[in-house]
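# Examination of the molecular architecture
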Amino acid sequence: MKPAQRRGSVYLAVLFVVLTVSVLTLTGVTLRRMMIQRSDSGSNAAAARRLALSGAELVVQQGKTNEGSFMTAAATGTILPTLSLAPGTVRATVTDADTGSAPTAGTVNFDIVADGQVGDARSRLGFSMENPDDELRLWIQSEPSALAYWPMDEEKAATAEEIINNFDGAYSKSSAVGVFEHQHKNKASRFAWVDERMTAPHKGAYEMPNGTLVCWVLFNSKPTFSGWKEVVVSKEGTSAGSAAAIRVWLDKDRMNFSLRTSSSGATVDFGAGEITQGQWHHIAISWGSAGMFLYLDGKKRDDDSGVRMGINGSIVPLRLPNSHDWIFGSRLNPDSKTDGWSHTDILFGSVARAALFTRQLAEEEIAAMMALDSRRPGPRLKPETFARVVD
């Protein structure tokens, strides 16, 4: 082979090697770029998942620590507005699980979706929370004989909501509502002076041969001289000048529960010393075929089994006239001269969580009610509902 031919062959061989190396180099660079992109994509997806989880944790924590803030935000449909958290953003929306609409104050079940996004990667996490009613309300609502329940926990309102039969009451002064703190660390009404009380308008359903009324009461002052009385609850007779009434009151010496027709009746009581000023007490009264009973803090304190009265009931010979309202925090004072009425014996304190039943509850039932919490537990997670919708 001639020298020129040999040199050409060498050049071709070198060129082939160079081209091969270049192709391999370019291929390697492309592969590395693809691997980096896939790695970035995987990292972003993982980061988006973490952000969605963080959003869910923020929502759950808000429900635990601040129910008011949770419910206010939930009412907008966006429980967590778009929030920048490195390396992306997170957002959470909410609906009422039972209606599919934005939650309201009465919502019990919430469906929540938390979205995390990093770059083009997105992750969505769906879960549910619940805000069940309080123990006391649930117990009362499950009791067949429950006729009415006035929590009296409104913060500012003219109406005292009744939750069973819509026998709503009326506050005489709405600015007095929600002033006191209840035994359970939530709101309670305040009654003081003539214009602060709650009235439950008369209903035919209140005509009960047998019944029980329970409530929590706070005496912010205690009578210190004869003639000073503070009424917890009362229901007066049909006409001014009539002595007929149901009354529960505290005077200087005794805590009293009285049932009277126009001509006869009886009172059961216990010493006023068992009432502590400024402390919440659980009071219950019952009337009917078993007699009349008075309870304090879950225990029977006095009874008269011989007095078998009902409210316009069929029990003879005694029955109480029934036309006036239930009044919490005062009583109507009949004026026989004018056949008119005025409020007197004002309670300086509070009445709350009042419930009315159409049978005479047993002592153990009354004690069980006293032990129940009237606070909703607050929004809480349903762990079994976690599900990743999109990744």
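Preceding block: the structure.
Every value quoted in this text rests on a predicted model; they were computed, and no experiment measured them. (Residues numbered from 1 in each chain as written. Predicted model: local features only at pLDDT ≥ 70, side-chain atom pairs only at ≥ 80, totals over all residues. Heavy atoms only, no water.)

Across its full length, the protein holds four helices and 25 strands. Within the protein, residue pairs in contact and separated by at least 24 positions form 60% of the contacts whose partners lie at least 6 positions apart. Approximately 18,800 Å² of the protein is accessible, and the part contributed by carbon and sulfur atoms is 53%. (Helix = DSSP H or I, 4+ residues; strand = E, 2+ residues; numbered from the N terminus. Contact = heavy atoms within 4.5 Å. Areas by Shrake-Rupley, 256 points an atom, 1.4 Å probe, with all protein chains shown as cover.)

One open sheet holds the six strands; their spatial order is S5-S24-S11-S16-S17-S18, and the pairing between them is antiparallel. Each edge of the sheet is formed by a strand with only one pairing partner; in this case those strands are strand S5 (146–150) and strand S18 (299–304). When the angles between neighbouring strand axes are averaged without regard to direction, this sheet yields 15 degrees. Bridge count between S5 and strand S24 (residues 349–357): four bridges; the pairing is antiparallel. The partner of alanine 148 across the bridge, within S24, is leucine 356. (Pairing = 2+ DSSP bridges. Axes fitted to C-alpha atoms, helices over the stretch in contact; angles between N-to-C directions.)

A few words on the nonpolar core. Membership of the largest hydrophobic core comes to 45 residues, with the highest contact counts inside it found for Trp150, Trp326, Phe328 and Leu356. The element best represented in this core is strand S11 (residues 211–219), accounting for four residues. When residues no more than four places from it in sequence are discounted, the contact partners of phenylalanine 328 are Trp150, Met152, Phe191, Arg197, Met198, Leu213, Val232, Val233, Val351 and Ala354. Listed in part, the 19 residues of the second largest apolar core include Met71, Ala73, Ala74 and Phe110. (Core = buried A, V, L, I, M, F, W, Y, C linked by side-chain atoms within 4.5 Å. Buried < 20%, exposed > 50% of the residue type's maximum accessible area, 1.4 Å probe, protein only.)

That is the geometry; function is a separate question.
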